[in-house]
Amino acid sequence: MATAARHGLRDDPARIAQLRSAMWSAGYNSAKVAEVLGGDRQHLQPDPTQSVLLKRQLPAGQPLSTLIRLFVLGLPVAAGDAAAALAPLSLDSAEHLGVVRESGEQIEGSIRITPYEDFLFACSRVPDIAAVERDHVMGVTRSSINLANLTIRRPVDLTLDLGCGSGFQSLFAARHSSRVIATDVNPLAIRFTEFNARLNAVDNIECREGSFMEPVAGEAFDLVVTNPPFVISPEASLLFRDGGMRGDELSRKVLREVAGALRDGANATVLISWGRKAGDDWDATPRQWLEGSGCDAWILHQVSQPALLHSASWHQQLAPSNLQAYDRGIERWTSYITGLGFDAVAYGATVLRRRRSEHNWVRAEELPDPMVEPAGEHLLRMMAAQDLLSAMPDKRALLDQKLKLVRSHRLEQALVCSEGSYTVEQAVLRLTEGLAFRANVDAFNAYLVTRLDGSRTLREAISEAAAATTALGTEQEDVEVAALRSVRRMVELGFLLPT
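These numbers were taken from a predicted model, which means no experiment stands behind them.

## Quick notes on the overall build of the protein chain
Helices and strands together make up the secondary structure of the protein chain, namely 18 helices and 19 strands. Along the longest, intermediate and shortest principal axes, the C-alpha atoms of the protein chain span 85 × 55 × 50 Å. Contacts in the protein chain between residues at least 24 apart in sequence constitute 70% of all its contacts with a sequence separation of at least 6. In the structure as shown, the protein chain presents an accessible area of about 22500 Å², 49% of it carried by carbon and sulfur atoms. Distance from the positive charge centre (52 side chains) to the negative charge centre (62 side chains) of the protein chain: 2 Å.

## Quick notes on the confidence of the model for the protein chain
Of all residues in the protein chain, 93% have pLDDT values of 70 or greater, and the mean over the chain is 91. Confidence drops under a pLDDT of 50 for residues 1–5, and excluding neighbours within four residues, the segment shows four contacts in the predicted structure.

## Quick notes on the nonpolar core
Ranked by internal contacts, the top residues of the largest apolar core, which has 89 residues, are Leu352, Leu448, Leu458, Phe495 and Leu496. For Leu496, the residues in contact, after removing those within four places along its chain, are Leu403, Lys404, Leu405, Leu452, Val487, Met490 and Val491. Counting 39 residues, the second largest nonpolar core, distinct from the first, contains Leu70, Leu91, Ile107 and Leu199.

## Examining the pattern of salt bridges
One pass over the full model with this rule turns up 30 salt bridges. In this structure, Arg355 engages Asp296 in a salt bridge whose closest nitrogen and oxygen atoms are separated by 2.5 Å. On the criterion of sequence distance, the pair formed by Arg355 in the loop between β12 (344–354) and β13 (362–366) and Asp296 in strand β11 (residues 295–306) is long-range, its members being 59 residues apart. Under the relative-accessibility criterion, Asp296 is labelled buried at 0%. Arg381 is the salt-bridge partner of Glu433, the closest N and O atoms lying 3.1 Å from each other. Taken together, the positions of Glu433 in the loop between β16 (421–431) and β17 (438–440) and Arg381 in helix α15 (residues 376–390) put the pair 52 residues apart, joining distant regions of the chain. Like Arg381, Glu433 is buried. Where salt bridges share partners, they join Arg179, Glu206, Arg208 and Glu219 into one cluster.

## A word on helix α8 (residues 142–149)
With respect to burial, α8 is a largely interior element, six of its eight residues being buried. Of all the residues in α8, the buried ones are Ser144, Ile145, Asn146, Leu147, Ala148 and Asn149.

## With respect to the pairing of strand β9 (residues 221–226)
Of all six residues in β9, six are buried; the element is thus mostly enclosed. Taken together, the four bridges between strand β6 (residues 156–162) and β9 define a ladder with parallel strand orientation. If you follow Leu160 over to β9, its bridge partner there is Val224. Pairing of β9 with strand β10 (residues 262–276), which is carried by five bridges, proceeds in the parallel orientation. By the bridge assignment, Phe221 is partnered in β10 with Leu262.

## Observations regarding unusual backbone geometry
Look at the link from Ala87 to Pro88: it is a cis peptide, with omega at 15 degrees. Looking at the element boundaries, Pro88 is found in the loop between α6 (79–86) and α7 (91–97). Even without being glycine, Glu117 reaches a positive phi, approximately 50 degrees. Mapped onto the elements, Glu117 comes out in the loop between β4 (112–116) and β5 (119–123). On the accessibility criterion, Glu117 (39% relative accessible area) is partly exposed. Despite not being glycine, Phe212 has its phi angle at roughly 50 degrees, a positive value. Here Phe212 shows up in the loop between β8 (205–209) and β9.

## A closer look at the environment of Val258
Along the chain, Val258 falls in helix α11 (residues 249–260). Val258 gets classed as buried once you look at its relative accessible area, which sits at 1%. Along the sequence, Val258 and His176 sit 82 residues apart, while their C-alpha atoms lie 20 Å from each other. When residues no more than four places from it in sequence are discounted, the contact partners of Val258 are Leu162, Val224, Thr226, Ala268, Val270 and Leu352.

Reading the values: the criteria
- Residues numbered from 1 in each chain as written.
- Predicted model: local features only at pLDDT ≥ 70, side-chain atom pairs only at ≥ 80, totals over all residues.
- Heavy atoms only, no water.
- Helix = DSSP H or I, 4+ residues; strand = E, 2+ residues; numbered from the N terminus.
- Contact = heavy atoms within 4.5 Å.
- Areas by Shrake-Rupley, 256 points an atom, 1.4 Å probe, with all protein chains shown as cover.
- Lys, Arg positive; Asp, Glu negative; His and termini not counted.
- Charge placed at Lys NZ, Arg CZ, Asp CG, Glu CD.
- pLDDT = per-residue confidence, 0-100.
- Core = buried A, V, L, I, M, F, W, Y, C linked by side-chain atoms within 4.5 Å.
- Buried < 20%, exposed > 50% of the residue type's maximum accessible area, 1.4 Å probe, protein only.
- Salt bridge = Lys/Arg side-chain N within 4 Å of Asp/Glu carboxyl O.
- Pairing = 2+ DSSP bridges.

Right under this line is the structure:
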């Protein structure tokens, strides 16, 4: 069946505005849908077993319940209930837009619509991986949320959303960009992005169809965000997942081309995947890709999966219904990955900043799990910290800096009772916004950071801490060397700010 017949989304501003009005009037927003579905599932597709339970918990006839049945659970509803929930949009108009269709004597959603924060995101409606079409367009996923959280947000002129899918990144970027160019090789993805821009009354997104950087050849950007089809697999069947290149070549290509399309001082966040060999450092491959890129970079590692686990994770939805297909898929994928010489597959992100320099810095860090907040401001702190540390001719120069502990932190202590009193067994300093990094601290460092309020140098703070703790009597130079090691680490991770 042709794409146009399966997905008849139409660009009809008046009717799309009526659809938006109906959904907001019914309370079809993140908070209420999450409450109904339970916890954090508002951006996920409930599996069939969850749908069976959830549909029995929805009050019959209520507009919000009807919309959830139509556009989240993918269940048919009575025509009268659909008409009431979609008003002022008539059923005929909803069919004309391509958002619902007749199913016998009932009405069902022909797309999925997910509320997330202040937006509504329409995407393809397919609950079963075995039925996914090649041009399937994903909606709100863990990876799209992670990419949004790892994007540096500041006012810019021109943003590129490369491989836009449903337009998730484009809509967030439109808030702080004069213009957003959204590109995708999938014509249906372009259609959904245009539809979602209308649905959310956003008018500064321009869509262009094409592969990789071809639609924007020769242009330069202030911000680039991309969640490309980076999955390492032998497949070429799904546009959102399979890049059609050998191994991790697609991630390398995208990273290099994005770096070359940035204006001086511009940022990019690129989700990537790469193969790992036993014994290699996890960041070795991305570091090679970034050589000579002209960018400073943070390489952020989310997870590495052994080849077998990676293969199983992409076929797990087949297991309940088709065990033989599940087995065959795992065998094929695992053989392909090990045949490339990879023992594991890594997932992560790179955050780039274009900077003219003979010596661009590249740093690598494990991403904490979970990320608790959008981390753009935190990433800017980390970049500023690296600029400061990289410019110091001597590590001891940090002693003359005035540093300040960020307010968004928490000191967590584990106490143990011994001989009638509690003593601190372990203390951890944890960030409560952005990337939730943790730093183990002893009694000396826990006291030291309280003295770092921006009013004194690190050298002076170390002297005060030494006088107030068991470090008293230790040579000043030895105390400073030990303190520098831990303080430098906390500066790198954004616990401490230079003033």
